[in-house]
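Structural characterization, general
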Amino acid sequence: MRSIICMSASVRTACQQASVCFPLYRGLSLCNSSERLTDIEFVSKTVIAEQPRIIDPRCFQREKTRPVAAGVALLHKVPATATRRNEATPCHTDAHLAHRPAERAAQHLSSYTPYAKAQRGAAAHVNIQSLFEEDVITELCSKLADFPINDRAEGLATLLQACVEFGLEAQSPPVLILVKECLELLPSRDVGVAQLCQLGKVACALEGRGSGLVTEVMNSISCAVEDTVSPSEAAAVYSLLTALYEPSCQQQALMLSVLHRQTQRQIHRLKSSQVSDILQCLLKLKQKQTISLALRLSHRASQVFTAFSDDEIIKVLSTLMTLGQHDGELLAAMEKHLPERLGSCDPELISKVMEYCLQMRCRSEPIFEAVAENFVCSAESHTDTQIAKQVVAIGRLNYLPQCSSQMFKKLEDVLTSRFSHFHPRSLLDMLHACIHLERFPLNYMNNIFSPYFLQKLQDKGEPVDKNALGQLTQLHLSASLECTYYWGPRLPFSLHVKKFSSLDQAFESPMETSLYRQVKGPLMQLLGGTFFFTRVFTPIGYTVDVEICLDENGFILPQSQWEHTYKRIALCLDGQSRFCTNTRHLLGKEATKRRHLHRMGYEVVEIPYFEFENQRTQEEQVQYLHDKIFPAVSKFRLGHLTS
């Protein structure tokens, strides 16, 4: 398709140089050049404008004129005569420009004046604002009228965007002309969805959400989405709605609902970039209730995973974390393709993958092994935050890599050289995660228990929050209970938390009521009554699900005689929330809790939900509990007798 800009080489040059953020030349190229220009002022104005630096969509700044070396040709020469039909007849315009009336200057245009290089001969200095005068815009609109409706809509949107970029006001004559052309175009309902979305974004930037043009565009899109839309069109509509969506608008809510259904039908056709964009739009539109669509997009992401860029994977995982959705097939795709990619990918991607695994409680051996090996090789190139996220995820998901010795040696080297660079909370999170893997940061206890570090943990003068105090308390307990050879500084007793149970379940997961109800009957039958207590708080702050007390001979005591307790058994009724979602490994916090209870003298007996639920009858359940509990009782009796 030939271009209207072919009518004047100068207009083409000006448009290419002037349009910074939007392809103005692309839109103008929709016009025909089969006829010559009749406006002599628009012909042969040879302009070279320096590209401005953007400070604001409506504010531009010019650079200073640079000296030009002699003998360098600044401009392309225009032929003196036009021998072909499509060549405009050139004429010198110095005299003509000199006699132009001053009031002819556009009154409503911005004060932006581009830099024009010095020209030889009769070439004239020209203001780029002349491209946005009424007669020029009118001529362009008349040329666009002869083209297909989608090309015309795209050209009008491009011209409007150029007006926005050059700071024209919504009430300026050129803009009003273009808006009128758009309003005349929309009622036909034949404009494509992509072109409508382009018009809608420009209209919103120009006049805001409440403009008449935006309303007409949304009406047209509402009709268009009722029919089948392509994947690219669906992505374009989602993008437009992120700028215009108002939950109180019934029309937009209905349009979004229809769009969700249309997108689900087109899931199998979505490209990787479209999957990423649509998920991002769902997040911006706060569509957390669209679980079905989010899961199908996640499933599609697993199919096109290899086509994702690093940034797209980060966006997809960030959105799924915010929406709280997890897809096993996406995890499988990451396990298959990520390990070979980690060596050359953005370190931020590694951190985001580990953050995703932690939030979804996904304990992935292939991913974690690859991350640990990458950490050993290139930890120095990672930021402090990235290092902390990787170590925290591995610790809290209770995974000890095969290269753990090299990994923790590298971590110690990094901490030695960059200890003061870490944010206090990130540092505390990381050191606390290490104790879940029985790697105790004794070399740094002196630092984290110091008054200086405790003061740095305070946020804007506020006291240290409970989570930080809980982490410090567990670090103190690990040093006291598990590292008996440690004689360094300790956490002041006044800062110890009294109990670890909390709403965010940061240190222990509460007992699931449904599992307790299943265990209660068989347990009472086994013990011959209610010879146990539930939800017992221990002196060090943990909560025991079910506690059974024994006397010095190893007999179970009734509740009335608990003052004679010699040995305690802690039954841990482990529901699903205490395990990783994809394996039967306990979370790091639960493993640490059991170690500490054992060091406190408890005999810990674990009752995992998946084992207990396999017992079909009550007789089987009673026998299962007997096999779990009485070996611990017998062990105590045997030990007492031999002593």
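Here the structure is a predicted model, which means the values were calculated and not measured.

In this structure, Leu160, Ile221, Val237, Tyr238, Leu411 and Met430 are the most contacted members of the largest nonpolar core, which totals 146 residues. Listed in part, the 27 residues of the second largest apolar core include Leu526, Leu527, Val605 and Phe610.

The buried fraction of strand S5 (residues 567-574) amounts to six of the eight residues, a majority that puts the element mostly inside the structure. Bridge count for strand S4 (residues 543-550) against S5 is five bridges, and the pairing is antiparallel. Within S5, the position partnered with Leu550 by the bridge is Lys567. Across six bridges, S5 lies against strand S6 (residues 603-608) in parallel orientation. Across the sheet, residue Cys572 finds its bridge partner in S6, namely Glu606. Read from S5 through helix H24 (residues 588-599) to S6, the crossover connection turns out right-handed.

Turning to the sheet that holds S5, a few remarks are in order. A sheet is described by the order of its strands in space; here four strands give the open sequence S3-S4-S5-S6, paired in mixed fashion. Each having just a single partner strand, strand S3 (533-537) and S6 make up the two edges of the open sheet. If you compare each strand with its neighbour and ignore which way they point, the axes differ by 40 degrees on average. Packing against the sheet, helix H23 (residues 513-527) makes contact with S3, S4, S5 and S6, and its axis sits at approximately 140 degrees to S5. Packing of H24 onto the sheet brings it into contact with S4, S5 and S6, and relative to S6 it is tilted by some 150 degrees.

Another point: the packing of helix H5 (residues 149-165) against helix H7 (residues 193-207). Helix-helix packing is characterised by the crossing angle of the two axes and by the distance between the axes. Close contact between H5 and H7 brings their axes to 9 Å; oriented N to C, the two are set at 20 degrees. One finds that H5 runs roughly parallel with respect to H7. Along this stretch, H5 crosses H7, giving a crossing that reads as left-handed. Seen from H5, the contacting residues are Asn150, Ala153, Glu154, Ala157, Thr158, Leu160, Gln161 and Val164; seen from H7, they are Gln195, Gln198, Leu199, Val202 and Leu206. Residues of the contact of H5 with H7, tallied by class, amount to seven nonpolar, five polar and one charged.

So, about helix H19 (residues 424-436). Helix length check: H19 (13 residues) gives 19 Å between terminal C-alpha atoms against 18 Å at 1.5 Å per residue, within 8%. Within the span of H19, buried status applies to Pro424, Leu427, Leu428, Asp429, Met430, Leu431, His432, Ala433, Cys434, Ile435 and His436. Residues of H19 that are buried make contact with helix H17 (384-396), helix H18 (404-418), helix H20 (445-448), helix H21 (451-457), helix H22 (466-482) and H24. Downstream of H19 by one or two residues, Glu438 has phi in the positive range, about 60 degrees.

Here we come to the pattern of salt bridges. Within the structure shown, the criterion is met by 21 salt bridges. Lys352 is paired through a salt bridge with Glu355; the nearest N and O atoms lie 3.3 Å apart. Highlighted residues: Lys352 and Glu355, both in helix H15 (residues 347-359), separated by three residues, approximately one helical turn. Glu355 sits in the partly exposed class, given a relative accessible area of 27%.

Non-glycine residue Lys286 carries a positive phi angle of around 60 degrees. Turning to its location among the elements, Lys286 is positioned in the loop between helix H11 (272-284) and helix H12 (291-303). Unlike most non-glycine residues, Gln505 shows phi in positive territory, near 55 degrees.

Within the fold, Glu181 resides in helix H6 (residues 173-185). For the pair Glu181 and Cys141, spaced 40 residues apart in sequence, the C-alpha separation works out to 7.6 Å. Setting aside anything within four residues of it in sequence, one finds Glu181 in contact with Cys141, Arg152 and Leu156.

With that settled, the discussion passes to the side chain of Arg363. Note that Arg363 resides in the loop between H15 and helix H16 (365-378). Here Arg363 is buried and forms no salt bridge, its nearest opposite-charge partner Glu365 lying at an N-O distance of 6.3 Å. A distance of 3.2 Å separates a polar side-chain atom of Arg363 from the backbone oxygen of Leu397. Within polar-contact distance, the side chain of Arg363 engages the side chain of His585 at 3.2 Å.

Moving on, we come to the confidence of the model for the chain. For the chain, mean pLDDT is 80; residues scoring 70 or higher make up 78% of the total. The spread of mean pLDDT over the elements of the chain runs between strand S2 (residues 59-61), the lowest at 33, and H24, the highest at 97. Of the regions scoring below 50 in pLDDT, residues 1-126 engages in 208 contacts with residues more than four places distant in sequence or in other chains.

What counts as what
- Residues numbered from 1 in each chain as written.
- Predicted model: local features only at pLDDT ≥ 70, side-chain atom pairs only at ≥ 80, totals over all residues.
- Heavy atoms only, no water.
- Core = buried A, V, L, I, M, F, W, Y, C linked by side-chain atoms within 4.5 Å.
- Buried < 20%, exposed > 50% of the residue type's maximum accessible area, 1.4 Å probe, protein only.
- Helix = DSSP H or I, 4+ residues; strand = E, 2+ residues; numbered from the N terminus.
- Pairing = 2+ DSSP bridges.
- Right-handed = clockwise from strand over helix to strand, strands pointing away.
- Axes fitted to C-alpha atoms, helices over the stretch in contact; angles between N-to-C directions.
- Contact = heavy atoms within 4.5 Å.
- Parallel < 35°, antiparallel > 145°, perpendicular 65-115°, else oblique.
- Left-handed = near helix turned anticlockwise from the far one by under 90°.
- Nonpolar A, V, L, I, M, F, W, Y, C, P; charged D, E, K, R; others polar.
- Expected span 1.5 Å × (residues − 1).
- Salt bridge = Lys/Arg side-chain N within 4 Å of Asp/Glu carboxyl O.
- Lys, Arg positive; Asp, Glu negative; His and termini not counted.
- Polar contact = N/O pair within 3.5 Å; in protein donor to acceptor, adjacent residues only side chain to side chain.
- pLDDT = per-residue confidence, 0-100.

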